[in-house]
Amino acid sequence: MAAASAAGLPTNVFPFRDARAAPDQVLEAGPVAHGPLPVPLVLDNGSFQARAGWACPGPDPGPEPRLQFRAVCARGRGGARGGAGPQVGNALGSLEPLRWMLRSPFDRNVPVNLELQELLLDYSFQHLGVSSQGCVDHPIVLTEAVCNPLYSRQMMSELLFECYGIPTVAYGIDSLFSFYHNKPKNLISSGLIISSGYQCTHILPILEGRLDAKNCKRINLGGSQAAGYLQRLLQLKYPGHLAAITLSRMEEILHEHSYIAEDYVEELQKWRCPDYYENNVHKMQLPFSSKLLGSTLTSEEKQERRQQQLRRLQELNARRREEKLQLDQERLDRLLYVQELLEDGQMDQFHKALIELNMDSPEELQSYIQKLSAAVEQAKQKILQAEVSLEVDVVDSKPETPDLGQLEPSLEDVENINDFEPLFSEETPEVEKPVTTVQPVFNLAAYHQLFVGTERIRAPEIIFQPSLIGEEQAGVAETLQYILDRYPKDVQELLVQNVFLTGGNMMYPGMKVRIEKELLEMRPFQSSFQVQLALNPVLDAWYGARDWALDYLDNEDVWITRKEYEEKGGGYLKEHCASNVYVPIRLPKQASRSTEAQASGKGSGASGGGASEQA
């Protein structure tokens, strides 16, 4: 509301901010990052936004992450020819003009494109003041997806150890890091984590401080699908503003104007009331230009425009006269050549030329020569007069020269020329009368407004009701009930005492109340539960990773070294309180050659015995 009142608009009219990202400055690592021990580098590798910063030891570990940027890349045209190279994150500025060029290393929330991931890491190291040419001599704490595939972790470890030469790395789940940051220190707690991000939503049960990976569930819906759904709704509602309804503006509506209804059906009934609609609808003002009204030019501007049209018409007529004069001169030369044939007595060639010219007699030829000569002389005189007096001569619609093929100008030329005759008559113009501005019959500003009513609750509702967008998935409430039913009643009671909400898609107003309502409906009568929202659902994952790095800096049991990477492979993981569960790939044991030989011998003996019985 404050933004609308500050812009001088009514209280329910909000202009789009269309925020443009400012390029990140190249920061210096500072003396604290080059202490006696290498300072860990914390990277929250999210599918929507990447965050990077230092985990500096001491009483004040530092402010929020020094670097935050969108996890997208765009390759410039001509990069291979020495032009602009690939651009990353905030260097792109506004994303909408480059939307078709944007590339992300993620498939859902799993990084799969190693080349694009390397661009994101290069951008992070460069702007944090870390030289990545030789090696990055800092331990790295990196977030990964829940139940991350071994192949994805293998590619990431290969990139970090082989390309950047890091000494150690630790992997953890972003939502577990957020849970670690919000819980009291040295407390081993159990609970349920509901984490909703840009691409998907996870529900993670935590038992005695460790992830129960067997009962984790994922819903393939998040902020990206909500923005796409909102875009389709508004484009169907306002087909005249298809190009203006962009994904960036839909994300702005979701972040600042949407909310979660405590009871979706009951809330829709409220929106049917005209008074409730008028008081709660948000009118999003699209940018527009007032020059579309027309008739806003001053007399001086109109006179200047008339002079420009006059000069253009003069140049057009001069070119037409020169072209017509050249054609008439060529035709006249041809006729004079035929006349010379008659004078020289070459009668055969003369008669053939007359047939080609579609003429019957020498008298007709002489008549066309006279008319064409007069037309050429007249055209030359007009060109000379135009150059000397600089007056506009409008080409007359009457035929000036008789032409053998088509001596009269075409009807199309006559119409094009006559269109300009009323504007540039040779008579002196009368005194210009003041022209009153024609006011439009509608309010142009109101025409460029998007009325966002029930869309404020319909778009974020998809994580509770995926059927709204045609997805055959269970919502958050059904998935939560399914996970709880897999545990005994005493464990259920323990889990619901600490339901933790985190992730950027959990920041809608009313989300906590909605989760409490869903739990009240599914839990037994008079049972207790506790729902907690993260202090900062977006940045708490990075804060938790920083706290974890400082707490476990000297613990070798949680850091993967280069030697362990070379011995156990890139998919190797050391488990800790915020990590995934490591499930190594167990290949089936190959049978020895002696065993195979015995098996083959038994098979051949059995086949031989069967043959003898048949005989």
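Residues numbered from 1 in each chain as written. Predicted model: local features only at pLDDT ≥ 70, side-chain atom pairs only at ≥ 80, totals over all residues. Heavy atoms only, no water.

## Considerations on the pairing of strand β16 (residues 282-285)
Going residue by residue along β16, you find His282 and Met284 tucked away on one face and Lys283 and Gln285 tucked away on the opposite face as well. Bridge count for strand β1 (residues 13-15) against β16 is three bridges, and the pairing is parallel. If you follow Val13 over to β16, its bridge partner there is Lys283. Alignment of β16 against strand β17 (residues 449-452), held across four bridges, turns out to be antiparallel. The partner of Met284 across the bridge, within β17, is Leu450. (Buried < 20%, exposed > 50% of the residue type's maximum accessible area, 1.4 Å probe, protein only. Helix = DSSP H or I, 4+ residues; strand = E, 2+ residues; numbered from the N terminus. Pairing = 2+ DSSP bridges.)

## A look at the packing of aromatic side chains
Geometrically, a pair of aromatic rings is defined through the distance of the ring centres and the angle of the planes. All told, the structure shown has twelve aromatic pairs when counted by the stated rule. Centre to centre, the rings of Trp271 and Tyr277 are 5.9 Å apart; their planes meet at 80°, and the pair counts as edge-to-face. Judged by relative accessible area, Trp271 falls into the buried class, the value being 5%. On the basis of relative accessibility, which here comes to 27%, the residue Tyr277 falls in the partly exposed class. Ring plane angle 85° and centroid distance 5.4 Å describe the contact between Tyr572 and Tyr582, whose orientation is recorded as edge-to-face. Taken together, the residues span a long stretch of sequence, with Tyr572 in the loop between α19 (562-568) and α20 (593-614) and Tyr582 in the loop between α19 and α20 at a distance of ten residues. According to the relative accessible area criterion, Tyr582 is partly exposed, its value standing at 23%. Among the aromatic residues, those joined into a cluster by ring pairs are Phe177, Trp548, Tyr552 and Trp559. Positioned over the ring face of Phe16 is Arg249, at 5.4 Å from the centre of the ring. The ring of Phe464 has Arg514 sitting right over it, with the charged end atom 4.2 Å from the ring centre. (Phe/Tyr/Trp six-rings, centres within 6.5 Å; stacked < 30°, edge-to-face > 60°. Lys NZ or Arg CZ within 6 Å of the ring centre and 35° of its normal.)

## A word on the nonpolar core
One finds Ile194, Met511 and Ile515 to be the most contacted residues of the largest nonpolar core, which totals 45 residues. Sorting the residues of this core by element identifies β12 (191-196), α5 (223-237), α6 (247-257), β17, α15 (476-484), α16 (489-495), β18 (499-502) and α17 (511-522) as the ones contributing at least two each. Top element by residues in this core is α5. It accounts for six residues. The contacts of Ile515, once residues within four sequence positions are left out, are Ile194, Phe464, Val476, Val499, Leu501 and Val531. By size, the runner-up hydrophobic cluster in this structure holds 36 residues, among which are Leu67, Leu120, Val130 and Leu573. (Core = buried A, V, L, I, M, F, W, Y, C linked by side-chain atoms within 4.5 Å. Contact = heavy atoms within 4.5 Å.)

## Details of the pattern of salt bridges
Enumeration according to the criterion identifies 22 salt bridges in this entry. A salt bridge links Arg514 to Glu461, with the shortest nitrogen-to-oxygen separation between them at 2.8 Å. On the criterion of sequence distance, the pair formed by Arg514 in helix α17 and Glu461 in the loop between α14 (455-458) and α15 is long-range, its members being 53 residues apart. Given a relative accessible area of 0%, Glu461 falls into the buried group. Between Arg546 and Asp547 there is a salt bridge, and its shortest N-O distance comes to 3.5 Å. Comparing Arg546 with Asp547 shows no difference in burial state: the two are buried. Where salt bridges share partners, they join Arg17, Glu252 and Glu256 into one cluster. (Salt bridge = Lys/Arg side-chain N within 4 Å of Asp/Glu carboxyl O.)

## Focus on the environment of Phe464
In this fold, Phe464 is placed in the loop between α14 and α15. Judged by relative accessible area, Phe464 falls into the buried class, the value being 5%. With 204 residues separating them in the primary sequence, Phe464 and Ile260 have C-alpha atoms 9.8 Å apart. With near-sequence residues (within four places) excluded, Phe464 lies in contact with Ile260, Gly475, Val476, Glu478, Met511, Arg514, Ile515 and Glu518.

## Observations concerning the confidence of the model for the protein
Confidence in the prediction for the protein averages 83 pLDDT; 80% of positions are at 70 or higher. Put simply, helix α12 (residues 411-418) is where the protein has its lowest mean pLDDT, 41, and β18 is where it has its highest, 97. Every residue in residues 391-432 is under pLDDT 50, and counting partners more than four places away or in other chains gives 58 contacts. (pLDDT = per-residue confidence, 0-100.)

## Brief notes about unusual backbone geometry
Phi is positive for Asp18, close to 50°, though the residue is something other than glycine. Checked against the element boundaries, Asp18 lands in the loop between β1 and β2 (41-45). Backbone geometry places Cys147, a non-glycine residue, at a positive phi of 50°.

## Topic: helix α9 (residues 299-344)
In this model α9 runs 67 Å from its N-terminal to its C-terminal C-alpha over 46 residues, within 8% of the 68 Å that 1.5 Å per residue would give. Here α9 has its buried residues at Leu313, Asn317, Arg321, Leu325, Asp328, Leu332, Leu335, Val338, Gln339 and Leu341. Once α9 ends, the next one or two residues include Gly345, with phi positive near 85°. (Expected span 1.5 Å × (residues − 1).)

## A look at the side chain of His282
Looking at the element boundaries, His282 is found in strand β16. Its relative accessible area of 10% is what places His282 among the buried residues. Engagement of the side chain of His282 in a polar contact is seen with the side chain of His257, the distance being 3.0 Å. (Polar contact = N/O pair within 3.5 Å; in protein donor to acceptor, adjacent residues only side chain to side chain.)

## Let's talk about the sheet that holds strand β6 (residues 87-88)
Taken together, the three strands give an open sheet; going across it, the order is β6-β5-β7, and neighbouring strands pair in antiparallel fashion. The open sheet has two edge strands with one neighbour each: β6 and β7 (102-103). Bridging between strand β5 (residues 73-74) and β6 involves two bridges; their strand directions are antiparallel. Residue pairing in the sheet places Ala74 in a bridge with Gln87 of β6.

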